[in-house]
Amino acid sequence: MNHKQIHIKKFGGTSVGSIEKIEQVADRIAKDKLLGQNPLVVVSAMSGETNRLISLATQIAPSCRGQAYDMLLASGEQVSVALLALALEKRNIKATPLLAHQVGIKTDSLFSRARIQEINTKQIKTCLKMNHIPLVAGFQGVTNGNTITTLGRGGSDTTAVALAVAFKQSECEIFTDVPKIYTADPRLIKKATQIPKLSFEEMMEMSSLGSQVLHCRSVEIAAKYKIKIHVRSTFEQTEGTWILPKEEFMENPLVSAVTHDRNTVIIKMYPVPSGTEFIANLFTMLAEKHISVDIISQSYHKEGQRLAFSITAEDLEAAKKIIYEIIEQKKVHIIEGLAKLSIVGVGMANHPGVAARFFKVLNKIGVDMHLVTTSEIKISAIIDKKYLSEAAQAIHEEFILIY
């Protein structure tokens, strides 16, 4: 089998969210097969299924994240690949549903956030040689001891891009329920417009800042190996959004997108011991529990240091256990009900005054910021969640995100 003939396609949860949609996906794959393609398909769990499984687990053990938890969550993709295989076989197309252990998708042992270490291509090559379509369960892997792991929410994207690397492909198609990536979430901002192309750097920032279009690690892998990602509609035969190296852009827009994350929490601590030892120990302990810290603010006062940082809401309970072991609870203030609002654009690097405009908009509508951070291609501010819609609309209008 010539690797260049393989077309890697990933279908997300909304694309396989019902039997009717699975039938439509099967029609699309069958049509591509008739056109001479050799599809290698990655499938997510049906829309809402992972949330249902998480809810079941939470009712029994709210803070559990381990072997049993990952085994439970991985079952959603098993259902999807099996149903899609049945739909293709009904169309007289041979398809082989494959779970991670059958493919040989090896990961580390970090449950719920595992990272792919290697992929054994032998089983998939065998399917392709037999003219079968391999249907790979996304989102999951196995350790060297064959214990099931999961890659984190949206991890099927990473499965697909990793397969593109393993089979030395230059492109990977990610199918979803929207025709393109938008300048903002169209459910929040009605005037959001479609984006024809984005750089790897912009897409990585958008993914890490709350955009749920692509799994952040999938974009990291794509950037490292120069795999072009084509995000497109499952149900329309149209060109989607291309994620490309920035070298392929003639001109970059000042701001490409407005993103948001509704699940942000700030932890404030005061006073904490002066010096770097306390902070170093705290963040080491958080890291050991795989808790990612986002924005950090620190300042000195007579009584000791003032420290504030943000984390995602799902990590709050685990973070509290660590913090209360090393500092009195009365010195800790937790702020919930927050959202992170961000703008992203590689064009910002060469245009001064973007931050000033961002802050002026928030000031004009009377929205205060709890924490703020900037880089060459992004500005993020944490605000009260109740102001998110108004602030996002105003920021979007300020930067005239039109393509």
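This one's a predicted model, so the numbers in the text were calculated from it and none came from an experiment. Per chain, residues are indexed from 1 in the order of the written sequence. Under the rules for a predicted model, residues below a pLDDT of 70 receive no local features and side-chain atom pairs below 80 are neither given nor counted, while totals for whole chains, interfaces and linings still include all residues. Side-chain numbers come from the whole structure's heavy atoms, not from hydrogens or water.

Visitor: Explain the environment of G366 here, please?
Guide: Along the chain, G366 turns up in the loop between α11 (354–364) and β19 (371–375). Only protein chains enter the accessibility calculation, which uses a 1.4 Å probe; a residue is then buried when its area is under 20% of its type maximum, exposed when over 50%, and partly exposed in between. Looking at G366, the relative accessible area reads 47%, which means it is partly exposed. For the pair G366 and Y387, spaced 21 residues apart in the sequence, the C-alpha separation amounts to 9.3 Å. We count a stretch as a helix when DSSP gives it H or I for four or more residues in a row; a strand needs E for two or more, and each element gets its number in order from the N terminus.

Visitor: I tried to follow the pairing of strand β20 (residues 378–384) on my own but got confused; where do I start?
Guide: Regular strands place side chains that alternate from one sheet face to the opposite one. In terms of residue burial, β20 counts as a mostly covered element, since six of its seven residues are buried. Note on pairing: DSSP must find at least two bridges between two strands before they are called paired. Direction of pairing for strand β18 (residues 332–344) relative to β20: antiparallel, over a ladder of seven bridges. In the sheet register, L338 faces β20, and the bridge partner there is D384. Connecting β19 to the antiparallel partner β20 that follows it, the hairpin turn spans two residues.

Visitor: Where do I start with the packing of helix α7 (residues 200–208) against helix α8 (residues 216–225) in this structure?
Guide: If you want to describe how two helices pack, look at the angle between their axes and the distance between the axes. Orientation is described by lines fitted to C-alpha atoms, with helices fitted over the stretch in contact, and by angles between N-to-C directions that extend from 0 to 180 degrees. Where α7 meets α8, the closest approach of the two axes is 8 Å, and the angle between their N-to-C directions is 165 degrees. The orientation of α7 relative to α8 falls into the category roughly antiparallel. The two elements α7 and α8 cross, and the hand of that crossing is left-handed. Here F200, M203, M204, S207 and S208 of α7 lie close against α8, whose contacting residues are C216, V219, E220, A222 and A223. Looking at the contact of α7 with α8, its residues break down into seven nonpolar, two polar and one charged. Any angle that is under 35 degrees is reported as roughly parallel, and any over 145 degrees as roughly antiparallel; angles of 65 to 115 degrees are reported as roughly perpendicular and all others as oblique. Each crossing is labelled by how the near helix is turned from the far one, with a counterclockwise turn of less than a right angle marking it left-handed and a clockwise turn marking it right-handed. Residue contacts are counted whenever heavy atoms from the two residues lie within 4.5 Å of one another. Note on residue categories: nonpolar means Ala, Val, Leu, Ile, Met, Phe, Trp, Tyr, Cys or Pro, charged means Asp, Glu, Lys or Arg, and polar means any other residue, Gly included.

Visitor: Which parts of the structure should I look at to understand a nonpolar patch on the surface?
Guide: The patches described consist of residues with a relative accessible area above 30% and no salt bridge, like charges being joined within 9 Å and nonpolar side chains (Val, Leu, Ile, Met, Phe, Trp, Tyr) within 5 Å. Shrake-Rupley sampling with a 1.4 Å probe provides the accessible areas, and residues are treated as covered by the protein chains on show and by no other component. Any Lys or Arg side-chain nitrogen located within 4 Å of an Asp or Glu carboxyl oxygen qualifies as a salt bridge. A contiguous nonpolar surface patch, about 220 Å² in accessible area, is contributed by F359, M369 and V372. As for its placement among the helices and strands, F359 is situated in helix α11.

Visitor: Help me understand helix α1 (residues 19–34) in this model?
Guide: For an α-helix, the turn length of 3.6 residues means that residues three or four places apart are oriented alike. How far a helix is expected to stretch is found by multiplying one less than its residue total by 1.5 Å. Over its 16 residues, α1 runs 23 Å from end to end, which matches the ideal 22 Å to within 8%, given 1.5 Å per residue. Taken together, the buried positions of α1 are occupied by I22, V25, A26, R28, I29, A30, D32 and K33. Backbone geometry just downstream of α1 places G36 in the positive-phi region, at approximately 100 degrees.

Visitor: What is the right way to read the nonpolar core from this model?
Guide: Soluble globular proteins: nonpolar side chains tend toward being buried together. Residues belong to one nonpolar core when they are buried, are Ala, Val, Leu, Ile, Met, Phe, Trp, Tyr or Cys, and are joined through side-chain atoms within 4.5 Å. Ranked by internal contacts, the top residues of the largest apolar core, which has 38 residues, are I124, L163 and I243. Sort the elements by how many residues they give to this core and helix α6 (residues 155–166) lands first, with five residues. Residues contacting L163, with those up to four places away along its chain left out, are I8, L40, V42, I119, I124 and V136. Judged by nonpolar contacts, the second largest core, of 24 residues, contains I189, L388, A392 and F399.

Interpretation note: all reported values are geometric properties and have no functional meaning in isolation.
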